[in-house]
Amino acid sequence: MTIEAVLTSPNPYGSRTLTVETDRASSVAYLRDARGTVHGAVWLANHVPAPATIDLVRANTGLPPLMPVGGTKRPEGTPLLDPAAISVLWFEEGDGVALYERQELLAIIPGWADMARGMPGYARDAAGESPFAWSLSEALEGLSPRVAKARAYWHWRRAEGSWESFQQFVMGHLDSRMGPAGRYWDVSGDRLPLVGVSERPPRDGRGFTVLSTVGMSCQRMPTAERYDTSSRVELALATRQDPRVAARVFAWLGQYPWRSVTWLGHGHTARWFQRPGTFPLSLGQGEQELQGVIMLADPPGVPETNGFMFGGDAVRWLWLIPLTDVELRLVADRGHEVISERLAVHTRI
C-alpha cells in the first residue's frame, strides 16, 4: 500500500518536523529530526474496522499500525483526515507538539515521548494505554496547561514589538549588573531563536570586558524540565581579548539547545567543533591551546546576575570558562567538581 503525507510541519527552530501519514487504513503522526530519525509517534485513527489484536504484519512492514479494538474509542473506524482541517501548535521548547482537527485537540506528542521505551503520544480516539497511543482525555488535566502556555507564548512572540521589548528588559538588567553597554552583535542569522551579544566594556574595579547573550532566555530550553533544572539561561564570557573575536563562541552555542534539542546547565562542557587552533579564545603565547568551555553558574570573580525573570521562570546566567583538551577530558572522566572550584574567571581571560 502507498503511504501518503497528510501534513508536514517543521518546528520554529528547524530541529523537529511533524508529519501525519496514512495508508488509508490508519493515520499516524511522527516527530522526526533533521536526519529523519523518529523521536516520537502516535496513532491518530483507524479508517477501517479495528482488528481484534495487533496486526504484526503491518508493524513489521513499516505500515501505520491499526489500533486493536480494545485501544480505540471508535472501533468502527473514522473517515480519512482532511488536511485542510488540521493545524499544529508547537510547544515553546520545540520538542513537543499539539495537533488539532477543526479546533479540537486530536493528539499531543510531548517532548519526552519515546516509542522505544513504550511512551507514545496521546490521541483523542485512544482508549487506555497501548504501545501506539495513550488516551488524551485521561491526561488533559496535566497537558492542558502546557498547551495553553504554548498558545499564549506564540501569540505574544508573533506580536509586533515583542522581541524589541524583551531585548530592552534584558539590556536593562545587564546595565544594572555590568554597567553601560558597548557594541551589540546578532549571532542568530535572523533564524529563531533570535540571539544577540551585548558588550560591556571594562569599568572601575573591573579590568575585563563582559559579553552576554541576549535572547536565549526568550524561550525555554528543550528537555530541561525532565531534569528539574533551570529552563531559561543566558551565556556570559569575561575576556581581555578582542571582543569581536571572542563573541564567536556565542555564534557556536547561542542556538545550540534548540538546534540539538537539549539543554545547557551548570557543569556542562562543550568541545569546539572545528579543527584545533581555530578556537576563538586563547591563554596566551606558549600556553596550551584551548579546545572548549565549561559552563558555570556564579564562578568566582564575575558580576552578580541574579534577579531577572521571564515567563514566570528565573533566568540563570552560565559563564563560559575556556578549557584545554586535558581539562575537558578530566571533567568527562571525573565530573565538573574536580575543576570548577578552582576556576576563577581572572585566570582564564
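Our subject in this report is the structure included herewith. (Residues numbered from 1 in each chain as written. Predicted model: local features only at pLDDT ≥ 70, side-chain atom pairs only at ≥ 80, totals over all residues. Heavy atoms only, no water.)

## A look at the overall build of the chain
Formally: Secondary structure elements follow DSSP: runs of H or I no shorter than four residues count as helices, runs of E no shorter than two count as strands, and numbering proceeds from the N terminus. Three labels apply to residues, based on accessible area from a 1.4 Å probe with only protein chains included: buried if under 20% of the type maximum, exposed if over 50%, partly exposed otherwise in between. Only the protein chains shown count as cover for residues, with accessible areas throughout obtained via the Shrake-Rupley method and a probe of 1.4 Å. His residues and chain termini do not enter the charge count, which takes Lys and Arg as positive and Asp and Glu as negative. All charge positions are set by atom: Lys at NZ, Arg at CZ, Asp at CG, Glu at CD.
Broken down by element type, the chain carries 8 helices and 18 strands. The C-alpha extent of the chain, read off along each of the three principal axes, is 75 × 45 × 30 Å. Counting only residues that meet the buried cut, the chain has 54% of its 349 residues in that class. For the chain, the exposed surface amounts to about 16000 Å²; the carbon and sulfur share of it is 51%. Here the chain contributes 35 positive and 38 negative side-chain charges, whose respective centroids are spaced 4 Å apart.

## Let's talk about the sheet that holds strand β3 (residues 26–33)
Short version of the rule: Two strands pair if DSSP finds at least two bridges between them. Working convention: axes come from line fits to C-alpha atoms, limited for helices to the stretch in contact. Angles between N-to-C directions cover 0 to 180 degrees.
Strand order across the open sheet formed by 4 strands is β1-β2-β3-β4, with antiparallel pairing between neighbours. Both edges of this open sheet fall to β1 (4–10) and β4 (38–46), since each of them pairs with a single strand only. For this sheet, the mean inter-axis angle between neighbouring strands, taken without regard to orientation, is 15 degrees. Bridging between β3 and β4 involves 7 bridges; their strand directions are antiparallel. Directly across from Ala29, in β4, lies its bridge partner Val42.

## Quick word on the pattern of salt bridges
In plain terms, the rule: By definition, a salt bridge exists where a carboxyl oxygen of Asp or Glu is found within 4 Å of a side-chain nitrogen of Lys or Arg.
This model, assessed by the stated rule, comprises 21 salt bridges. Measuring nitrogen to oxygen at the nearest pair gives 3.4 Å for the salt bridge that ties Glu4 to Arg24. Highlighted residues: Glu4 in strand β1 and Arg24 in the loop between β2 (16–22) and β3, separated in sequence by 20 residues.

## Quick look at unusual backbone geometry
Here Leu192 and Pro193 are connected by a cis peptide whose omega angle stands at -5 degrees. Phi is positive for Arg24, close to 75 degrees, though the residue is something other than glycine. Phi at Asp228 takes a positive value of approximately 50 degrees, unusual for a residue other than glycine. Relative to the assigned elements, Asp228 resides in the loop between β12 (209–214) and β13 (233–239). We classify Asp228 as exposed; its relative accessible area is 76%.

## A few points about the sheet that holds strand β15 (residues 290–296)
Stated precisely, the cut-off is as follows: A contact between two residues is defined here by any heavy atoms of the two lying within 4.5 Å.
Strands sit in the order β10-β11-β12-β13-β18-β15-β14 across an open sheet of 7 strands; the sheet is mixed. What marks the edges here is a single partner per strand, and that holds for β10 (184–186) and β14 (269–271). Averaged over all pairs of adjacent strands, the angle between their axes in this sheet comes to 25 degrees, without regard to strand direction. Pairing geometry for β15 and strand β18 (residues 316–324), over 6 bridges, is antiparallel. What sits directly across from Val293, in β18, is Pro322. Contacts from helix α3 (residues 162–178) reach β10, β11 (196–200), β12, β13 and β18, with the element oriented near 155 degrees to β12. Sheet contacts for helix α7 (residues 325–334): β14, β15 and β18; angle to β18, the most-contacted strand, approximately 120 degrees.

## Focus on the packing of aromatic side chains
What counts here: Any two of the Phe, Tyr and Trp rings considered here, Trp counted by its six-membered ring, make a pair once their centres fall within 6.5 Å; the pair's planes then place it as stacked at under 30 degrees, edge-to-face at over 60, or tilted in between.
Under the counting rule described, the total for this entry stands at 18 aromatic pairs. Here Trp272 and Phe273 contribute two aromatic rings whose centre-to-centre distance is 4.9 Å and whose plane-to-plane angle is 55 degrees, an arrangement assigned as tilted. On the basis of relative accessibility, which here comes to 8%, the residue Trp272 falls in the buried class. For Phe273, a relative accessible area of 53% translates into the label exposed. Taken together through their ring pairs, the aromatic side chains of Tyr13, Tyr153, Trp154, Trp156, Trp163, Phe166, Trp258, Phe308, Phe310 and Trp317 make up a single cluster.

## Here we look at the pairing of β2
Regular strands place their side chains on alternate faces of the sheet. Of all 7 residues in β2, 6 are buried; the element is thus mostly enclosed. Here β1 folds back onto β2 in antiparallel fashion, the turn holding 5 residues, of which Gly14 has a positive phi close to 75 degrees. The pairing of β2 with β3 spans 7 bridges and is antiparallel. Its bridge partner lying in β3, Arg16 is registered against Asp33.

## Details of the side chain of Ser15
We apply this condition: We define a polar contact as two N or O atoms separated by no more than 3.5 Å, with the added condition that, inside protein, one atom must be a possible hydrogen donor and the other a possible acceptor, whereas residues neighbouring each other in sequence contribute only through side-chain atom pairs.
With respect to the helices and strands, Ser15 occurs in the loop between β1 and β2. In this structure the side chain of Ser15 is engaged in a polar contact, spanning 3.0 Å, whose partner is the side chain of Asn11. There is a polar contact of 2.9 Å between the side chain of Ser15 and the backbone oxygen of Trp258.

## Notes on α3
Definition in use: A helix is expected to span 1.5 Å multiplied by its residue count minus one. As used here, the arc is the angular range of directions from the helix axis to the C-beta atoms.
Spanning 17 residues, α3 covers 24 Å between terminal C-alpha atoms, matching the ideal 24 Å at 1.5 Å per step. Listing the buried residues of α3 in full gives Ser162, Trp163, Phe166, Gln167, Val170, His173, Leu174 and Met178. Mapping the buried residues of α3 onto a view down its axis gives an arc of 130 degrees, with all of them on the same face. Facing away from the buried side of α3, by more than 90 degrees, are the exposed residues Gln168 and Phe169. Downstream of α3 by one or two residues, Gly179 has phi in the positive range, about 90 degrees.

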